[in-house]
Amino acid sequence: MTHQRGDQPLQGKVALVAGATRGAGRGIAVELGAAGAAVYCTGRSTAGARSDYDRPETIEQTAALVDEAGGEGVAVRVDHLEPAQVRELVARIEADHGRLDVLVNDVWGGEKLFEWDTPLWEHDLDNGLRLLRLALDTHLITSHAALPLLLREPGGLVVEMTDGTADYNGSTYRNSAFYDLAKSAVLRLAFVQAHELGPRGATAVALTPGWLRSEMMLDAFGVTEATWRDALERVPHFGISETPRFVGRAVAALAADPQAARFNGASLSSGGLAQEYGFTDLDGSRPDAWRYMVEVQDAGRPADATGYR
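Below is a short write-up of the structure.

The rules behind these values
- Residues numbered from 1 in each chain as written.
- Predicted model: local features only at pLDDT ≥ 70, side-chain atom pairs only at ≥ 80, totals over all residues.
- Heavy atoms only, no water.
- Helix = DSSP H or I, 4+ residues; strand = E, 2+ residues; numbered from the N terminus.
- Buried < 20%, exposed > 50% of the residue type's maximum accessible area, 1.4 Å probe, protein only.
- Contact = heavy atoms within 4.5 Å.
- Areas by Shrake-Rupley, 256 points an atom, 1.4 Å probe, with all protein chains shown as cover.
- Arc of directions from axis to C-beta.
- Core = buried A, V, L, I, M, F, W, Y, C linked by side-chain atoms within 4.5 Å.
- Axes fitted to C-alpha atoms, helices over the stretch in contact; angles between N-to-C directions.
- Parallel < 35°, antiparallel > 145°, perpendicular 65-115°, else oblique.
- Left-handed = near helix turned anticlockwise from the far one by under 90°.
- Nonpolar A, V, L, I, M, F, W, Y, C, P; charged D, E, K, R; others polar.
- Salt bridge = Lys/Arg side-chain N within 4 Å of Asp/Glu carboxyl O.

Looking at the overall build of the protein chain
Helix and strand content of the protein chain: 10 helices and 7 strands. By its C-alpha atoms, the protein chain is 55 × 45 × 40 Å across when sized along the principal axes. Out of the 309 residues belonging to the protein chain, those deemed buried represent 55%. Taking contacts inside the protein chain between residues at least 6 apart in sequence as the whole, the part at least 24 apart equals 70%. Carbon together with sulfur atoms contributes 52% to the accessible area of the protein chain, which is approximately 13500 Å² in total.

Right, dumping it as structure tokens:
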């Protein structure tokens, strides 16, 4: 459904979603578009060339979904490990619009690189080091190039996408040394950018979705978005899961909030922001995955999302 101007609080705003091919990045791009923004959707998977993920999703598809939602989607192939490509992207945004209001650092690319519950000394070293480069260097390179343009107008927002809140990750082993470091480093990157951006009129936050029903997750469980509940018999805690659009609505709500600076430096979650702003997932629920993880899954209680969505 195309939105009308009256319910598009980001009309005239410009966003860059770095890593918008699929998953959370796609959901964020679409919801920013639904709110009226022009959204630059970057990634390495295009209609003409797949990334090393070798999956069918493309940035052109994401841009088309942004258009369909009521925004302006612009697909640009960028390898965010290459500073020259990122600088060229930012120069294009500047030439097109002269401003950048929202930067979402969502590049990840590590699903095929980390080895679950594998000790540091047994983990493939090359894969682990590349995971860290993809998770952190891409974000640093993109912020380095984009922040001067974002600071040109007051009220800019930087969203560092990660997995887990600062509280949860601070006390929980996250899958492997390399994965754990990657997600913790991004949390800290949001904090330090907040320190540097706050006095200059911009806001930086870390944001995590809950258990995301991404394209890759659905494929891994052999289900679709329409049939995802069929996986509950094998993976009972999957009942707390959420669509990528839920965290997209979290970013759109933050970007439209004139008081977003109150969150500067904070570690936020889609479920927590849903309580703050009142938005829902596509099914009308508000899954609070990280509270559920602590109180139900990690506590060893039987799977039951009642009261958590």
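Once the structure has been displayed, the description carries forward.
Overview of helix α9 (residues 270-277)
Since one α-helical turn is 3.6 residues long, residues separated by three or four positions face the same way. Looking only at α9, the buried set comprises S270, G271, L273 and A274. Viewed end-on, α9 has its buried residues packed into an arc of 165°, placing them on one side of the element. On its buried face, α9 sits against β6 (203-208), α8 (244-256) and β7 (267-269). Positive phi shows up at G278, right after α9, with a value of about 85°.

A word on the nonpolar core
L32, V39, V104 and L207 are the most contacted members of the largest nonpolar core, which has 34 residues in total. In this structure V39 touches A15, V17, A29, L32, G33, V66, E72, G73 and V74, once residues within four positions along its chain are discounted. By size, the runner-up hydrophobic cluster in this structure holds 23 residues, among which are L16, V76, L100 and L149.

Some words on the packing of helix α3 (residues 83-97) against helix α4 (residues 125-150)
With their axes 9 Å apart at the nearest point, α3 and α4 run at an angle of 25° to one another. Overall, the two elements α3 and α4 adopt an arrangement that is roughly parallel. Note on packing geometry: the crossing formed by α3 with α4 is right-handed. Contacts between α3 and α4 involve P83, V86, R87, V90, I93 and E94 from the first element and I141, T142, A145, A146 and L149 from the second. Partitioning the contact of α3 with α4 into residue classes produces 8 nonpolar, 1 polar and 2 charged.

Describing the pattern of salt bridges
In a structure, side chains of opposite charge can pair up when their charged atoms sit close to one another. Per the counting criterion, the structure on display carries 18 salt bridges. The partner of R249 in a salt bridge is E31, with the nearest N and O atoms 3.2 Å apart. Linking R249 in helix α8 with E31 in helix α1 (residues 23-34), this pair joins segments that are 218 residues apart in sequence. In this structure E31 comes out as buried when scored by relative accessible area, which is 8%. We note a salt bridge from R50 to D54, for which the minimum N-O separation is 3.3 Å. A cluster of three or more residues bridged by salt bridges with shared partners is formed by R22, R55, E57 and D219.

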